[in-house]
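Letter by letter, the chains look like this.
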Amino acid sequence: AVVSTQSTGALCRGGVVALPTDTIYGICCLVHDTAAINKIYQIKGRSFSKPLAICVASVQDIPKCVEVASSSSPILPKLLPGGVTVVLPRTPSLNPALNPGFQTVGVRVPDHKFVLDLCAELGAPIALTSANVSNGPNSLSIQDFKEIWSGLDVIVDGGQLLQATGSTVVEITDTSFTVIRPGRDYEKTVRVLSEEHHLENLS
């Protein structure tokens, strides 16, 4: 739990932390910390026109960050925890400095104990993006993102990860869905949305 204490401490002090997830290595900060959000963009050399995703501890926490329609409620537990980022309308209470200009936000509940424990301990959502220079290859070990180490407050070494596929990013409405980026759990996502819930695939 030492690493978790280090990580929570760093995040609560406005830091940026690198960590393993169920897909690839990511870097994160607290969603409500505007200075830390800006730091993530600076570390990655990322354009502010590219939004960050949000990560929460459980499916039950998702409505704190996004507007979940009654039609979407039964869908979410079938996709999450897992390698899917669900894009839904953001709540007014979400930090306006996170993805300004975007009416929606992507939410993740990774199938990864460390990340879920970290979010639960913080009691707050984290902003999460891949641990790399913007547009660089995905990182499967901490060595893969060496060039950004100097900007990070804590690096959690989860060893070598097994696959270089990011999450499937999908926007869901009452009647349809659009796959913005295919990734992990792609086939399962399409099956759940198309076949089980009969949403129209606009991808």
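Model, not experiment: these values are computed from the prediction. (Residues numbered from 1 in each chain as written. Predicted model: local features only at pLDDT ≥ 70, side-chain atom pairs only at ≥ 80, totals over all residues. Heavy atoms only, no water.)

**As for the side chain of threonine 23**
For threonine 23, the location among the structural elements is in the loop between β1 (17–19) and β2 (26–30). When residues no more than four places from it in sequence are discounted, the contact partners of threonine 23 are Gly83, Arg108, Leu140, Leu161, Gln163, Thr165, Gly166, Ser167 and Arg184. (Helix = DSSP H or I, 4+ residues; strand = E, 2+ residues; numbered from the N terminus. Contact = heavy atoms within 4.5 Å.)

**Side note on the environment of threonine 85**
Its location among the elements puts threonine 85 in strand β4 (residues 84–89). In this structure threonine 85 comes out as buried when scored by relative accessible area, which is 4%. Counting along the chain gives 25 residues from threonine 85 to proline 110, while the straight-line C-alpha distance between them is 8.9 Å. Apart from residues no more than four positions distant in its own chain, threonine 85 is found in contact with Ala53, Gly106, Val107, Arg108, Ser167, Thr168, Val169 and Val170. Here serine 167 takes part through its side chain, which lies 2.7 Å from a polar atom of the side chain of threonine 85. (Buried < 20%, exposed > 50% of the residue type's maximum accessible area, 1.4 Å probe, protein only. Polar contact = N/O pair within 3.5 Å; in protein donor to acceptor, adjacent residues only side chain to side chain.)

**Quick look at the nonpolar core**
The biggest cluster of nonpolar side chains holds 48 residues, and the ones touching the most others in it are Ile27, Ile62, Leu79, Leu98 and Ile172. Here this core takes five residues from helix α2 (residues 34–44), the largest share from any one element. Core analysis: the next-biggest nonpolar cluster, separate from the first, contains 18 residues, Leu19, Leu118, Ala124 and Leu128 among them. (Core = buried A, V, L, I, M, F, W, Y, C linked by side-chain atoms within 4.5 Å.)

**Focus: the packing of aromatic side chains**
Counted by the stated rule, this structure contains two aromatic pairs. Considering the side-chain rings of tyrosine 25 and phenylalanine 145, the 5.7 Å spacing of their centres and the 45° angle between planes classify their relative orientation as tilted. Here tyrosine 25, found in the loop between β1 and β2, pairs with phenylalanine 145, found in the loop between β6 (126–130) and β7 (154–155); they are 120 residues apart in sequence, far enough to count as distant. As far as the burial class goes, tyrosine 25 and phenylalanine 145 line up, both buried. With centroids separated by 4.2 Å and ring planes inclined at 20°, the aromatic side chains of tyrosine 41 and phenylalanine 48 adopt a geometry described as stacked. Given the relative accessible area of 4%, tyrosine 41 is considered buried. (Phe/Tyr/Trp six-rings, centres within 6.5 Å; stacked < 30°, edge-to-face > 60°.)

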